[in-house]
Amino acid sequence: MSNSYEDADLIIVNTCGFIDEAVDESLEAIGEAMERNGRVIVTGCLGAKGDLVRDAHPSVLAVTGPQAVDAVMGVVHAELPPQHDPFLSLLPPGGIKLTPRHYAYLKIAEGCNHRCRFCVIPSMRGDLVSRPVGEVLSEAEALVEAGVRELLVIAQDTSAYGADVRYRPDFHGGRPVRTRLVDLVRELGRLGAWVRLHYLYPYPHVDELLPLMAEGLVLPYLDVPFQHASERILKLMRRPARTENVLARIRRWRAICPEVAIRSTFIVGFPGETEADFEVLLDFLEEARLDRVGCFAYSPVDGAAANAFPDPVPEAVKEERRERFMRKQAQISAERLRAKVGRRLRVLVDEAGEEGATARSAADAPEIDGRVFVADAGSAAPGDMIDVRVTDSDEHDLWALQADADAGTSHPTRDRRSQSVGR
C-alpha cells in the first residue's frame, strides 16, 4: 500500500454510482488519480453504468463493475506481474484493509431484494446473496486476532441476512450456527470486540437485537434508514408506511435498552412531496428524538422508478427543506448530547497526541457520527478503550476528561478544546 499517488505503481478507484453527487465525486476521484499518476483501474458500481467512465476518462487502464475482484486482479497482474518475495509476500492474519488497525467493516451480504422507487442498488448489485455464516465468523475472528477492536457489520440490507438461504445452518468451530442476523450477532458478541450494526431494514426480528444490546453483547446502536414519515410519501417510495408503528417500536426499543442510540437517514423533496408531507416529517423528528440523523435532497438517479413520478419538487425547495430539517435535528441532537454531560462513558480512541485524544463512544460510528474529545489523555493510543467523564457538548460532539484523572482538574470547554483539535 502506498500513501501517495506518486509512489504507487497503480491506482485502483472503487466507485459509487448511487446518486448524482456520488457519480460526480467518483469521476472527480478518477480524474485526480489520472492527473497525479496516470495508471488507473476503475471498479465498483459506476463501472456498471456503460461507457460513462470511458467517456469522461478514456485513458484508464480498465473499467469493471462491482464485486469484480478477479477482473481487477487480472488487470493488476497484467500491468504488474507478481514477483514472489519471501518477506514482502506475507499477508497479516487479518488481511490488508484500508481502515485503521483498530476497526474494520465486516460485510455479511451483497445485494437487496427490495425495490424502493428511489434506489437502483438491485439493478447494480443484484438480489440478496448472504455470505456463509461460518466464513463471516472466521473473518471476524481473524480481524480481532489482528488487533481490531470494533467490527462494523454492513450489507445493503443487513436485517435480511440469511433470508435467501432460508436461514440454513452452517458450522463454525464445530458448532452449528444459523445464517440469521440475530444468531450471527450473538456469536460476534463473544469475540470481545465492539460490534456495531449498520443499514437495518425495520423487519420485526430487529426487535430481538435489543435484549442483546441490553446485555452488552452488541453495541446499543441501531442504524435504521426510515427515509420519511409521511405515509403517503412512504407508499410512493415503496417503504413501510405506518409511522405510528415506527414511533411505538422506538419507544419499545428504548424501554428494553435505554442506552440505545438510533441513527437514521431521510430523503426530502421526493417527487410529489408537499409542504404538509414535510411538516409530518418534522413532527416525527420532534417526537422520535433520534440520536443521529442524515438527510438527503432527492436525487433523480438514472434508472430509478421515481424519476417518472409527477410533481417533481423544485431544487430550491428541496434544499430549503433539507436545511430546515437539519436545523430541527441539530436542536434535538444538542439536547440529547447535553444530557450526557457529567456522565461516565467508555470510549474507543481513534487518534492521540500531546493535546489529547479523539475518541468515539458506543453512540458514534466512525466518519458519520460525532466524536469525543478527551483532554489530558495520558498514554492513550489509537485502539485503546478508556473511561471518560463528559464535561461539555455541542450539536454533534462531546468533550471529556479521563475518568480517573478528572478530580481536581479544570474541565475543558468546547471553545478551548476546539482550538487544540482543529475543529
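Up top is the structure these notes are about.
Residues numbered from 1 in each chain as written. Predicted model: local features only at pLDDT ≥ 70, side-chain atom pairs only at ≥ 80, totals over all residues. Heavy atoms only, no water.

Colleague: So, the pattern of salt bridges: which residues are in play, and what are the values?
Modeller: The tally for this structure, following the rule as stated, stands at 38 salt bridges. Lys-328 is paired through a salt bridge with Glu-286; the nearest N and O atoms lie 3.0 Å apart. You can see Lys-328 sitting in helix H11 (residues 315–338) and its partner Glu-286 sitting in helix H10 (residues 275–288), a full 42 residues away along the chain. Residue Glu-286 is classed as partly exposed on the basis of its relative accessible area, which comes to 37%. Across the pair Asp-291 and Arg-336 runs a salt bridge whose closest N-O atoms are separated by 2.9 Å. Of this pair, Asp-291 sits in the loop between H10 and strand E13 (292–297) while Arg-336 sits in helix H11, and the two are 45 residues apart along the sequence. The network of salt bridges with shared partners includes Glu-273, Glu-275, Glu-279, Glu-320, Arg-321 and Arg-324. (Salt bridge = Lys/Arg side-chain N within 4 Å of Asp/Glu carboxyl O. Helix = DSSP H or I, 4+ residues; strand = E, 2+ residues; numbered from the N terminus. Buried < 20%, exposed > 50% of the residue type's maximum accessible area, 1.4 Å probe, protein only.)

Colleague: Report on the side chain of Asp-369, specifying residues and quantitative values.
Modeller: Considering the arrangement of structural elements, one finds Asp-369 in the loop between strand E15 (356–360) and strand E16 (372–375). In terms of polar contacts, Asp-369 uses its side chain to reach the side chain of Tyr-221, at 2.6 Å. At 2.8 Å, the side chain of Asp-369 and the backbone nitrogen of Ala-365 are in polar contact. When neighbours within four sequence positions are excluded, Asp-369 is seen to be in contact with Tyr-221, Arg-263, Arg-292, Ala-363 and Asp-364. (Polar contact = N/O pair within 3.5 Å; in protein donor to acceptor, adjacent residues only side chain to side chain. Contact = heavy atoms within 4.5 Å.)

Colleague: Any chance you could break down unusual backbone geometry for me, citing the residues and the numbers?
Modeller: Here the phi dihedral of Gln-67 falls at roughly 60 degrees; this positive angle occurs in a residue that is not glycine. Residue placement: Gln-67 occurs in the loop between strand E3 (62–63) and helix H3 (69–79). Of note in this structure, Arg-289 is not a glycine but carries a positive phi near 55 degrees. Along the chain, Arg-289 falls in the loop between H10 and E13.

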